[in-house]
Amino acid sequence: MSVLAPESYAVNWVVTYAHGAEGTWVIAFSSNPDRLPMTAFDDTAGMQEALQPLLPGVEVESMVGWDWSNDPLSLGTWCIYRPGQLASILPDLRTTEGRLFFAGADSAIGWRSFIDGAIQSGYHAARHIDDYLTTGSR
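Residues numbered from 1 in each chain as written. Predicted model: local features only at pLDDT ≥ 70, side-chain atom pairs only at ≥ 80, totals over all residues. Heavy atoms only, no water.

Caption draft 1: Structural detail: the overall build of the chain. In terms of helices and strands, the chain carries 3 helices and 3 strands. Going from N to C terminus, the chain has its helices and strands arranged as β-β-β-α-α-α. Scaling as 2.2 N^0.38, a compact globule of 138 residues should have a C-alpha radius of gyration of about 14 Å, whereas the chain reaches 19 Å, well beyond that. Per-residue burial over the chain gives 24% buried out of 138 residues. Restricting to contacts in the chain with at least 6 residues of sequence separation, those with at least 24 account for 30%. (Helix = DSSP H or I, 4+ residues; strand = E, 2+ residues; numbered from the N terminus. Rg over C-alpha atoms; globule rule 2.2 N^0.38 Å. Buried < 20%, exposed > 50% of the residue type's maximum accessible area, 1.4 Å probe, protein only. Contact = heavy atoms within 4.5 Å.)

Structure, rendered in structure tokens:
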């Protein structure tokens with residue numbers, strides 16, 4: 001399951017990670033952490049409040065969090081585009097430049113920013129390279 005919300009929400013993306021008899025693990029992202037009604041990354045009540053518009057009735061029992069944007073080794077998290085941004089730049093991200101062919105998770109047709117998208121994008125680029133080497137056309 002995946003839920004997306006506008007930038008005005010405290011949490012903008014929630015993805016189901018695992019289901020079990022004891023409950024469900026989810027991964028949640030916020031485009032603006034200042035909107036989160038939490039005092040720390042272990043504030044379950046604050047996270048429960050933030051998730052209510054997306055998952056009404058959700059009960060947060062425990063949580064783990066990390067500020068990836070301020071982590072000195074990562075300096076960010078998954079690629080998340082602004083509304084309309086992807087539609088305007090995605091064709092250019094997939095365009096070849098001479099004999100250079102591009103592939104990557106962030107330019108994939110589906111499952112952007114995931115390994116599945118990287119595999120799909122690599123397969124797509126490999127087919128274009130094969131056509132180029134075989135016929136000389138892109």
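Now, onward.
Caption draft 2: Molecular detail of the sheet that holds strand β1 (residues 2–4). Overall, antiparallel pairing links the 3 strands, which are arranged β1-β2-β3 in an open sheet. Each edge of the sheet is formed by a strand with only one pairing partner; in this case those strands are β1 and β3 (23–29). Neighbour-to-neighbour, the strand axes of this sheet turn through a mean angle of 20 degrees, independent of strand direction. Relative to β3, strand β2 (residues 13–20) runs antiparallel, the two sharing 7 bridges. In the sheet register, Ala18 faces β3, and the bridge partner there is Trp25. (Pairing = 2+ DSSP bridges. Axes fitted to C-alpha atoms, helices over the stretch in contact; angles between N-to-C directions.)

Caption draft 3: Here's a closer look at the nonpolar core. The biggest cluster of nonpolar side chains holds 14 residues, and the ones touching the most others in it are Val11, Val14, Leu36, Met47, Ala50, Leu51 and Leu54. With 3 residues, the top contributor of residues to this core is helix α1 (residues 44–51). Non-local contacts of Leu51, meaning those with residues more than four positions away in its chain, are made with Val11, Val14, Ala28, Val58 and Val60. (Core = buried A, V, L, I, M, F, W, Y, C linked by side-chain atoms within 4.5 Å.)

Caption draft 4: Spotlight on helix α3 (residues 115–135). Taking 1.5 Å of rise per residue, the 21 residues of α3 would be expected to cover 30 Å, and the 30 Å separating its terminal C-alpha atoms lies within 8% of that figure. When α3 is considered as a whole, its buried residues turn out to be Gly117, Ser121 and Ala125. End-on, the buried residues of α3 take up no more than an arc of 55 degrees, which puts them together on one face. Projecting away from the buried face of α3 at angles above 90 degrees are the exposed residues Ile115, Ile119, Tyr123, Arg127, Leu133 and Thr134. Just downstream of α3, Gly136 is the residue with a positive phi angle, here 80 degrees. (Expected span 1.5 Å × (residues − 1). Arc of directions from axis to C-beta.)

Caption draft 5: Seen up close, the environment of Ala18. Among the structural elements, Ala18 can be located in strand β2. Ala18 sits 79 residues away from Glu97 along the chain, and the two C-alpha atoms are 41 Å apart.

Caption draft 6: Representation of the environment of Ile115 in the model. Along the chain, Ile115 turns up in helix α3. Classification of Ile115 as exposed rests on a relative accessible area of 61%. Separated by 11 residues in sequence, Ile115 and Gly104 place their C-alpha atoms 9.1 Å apart.

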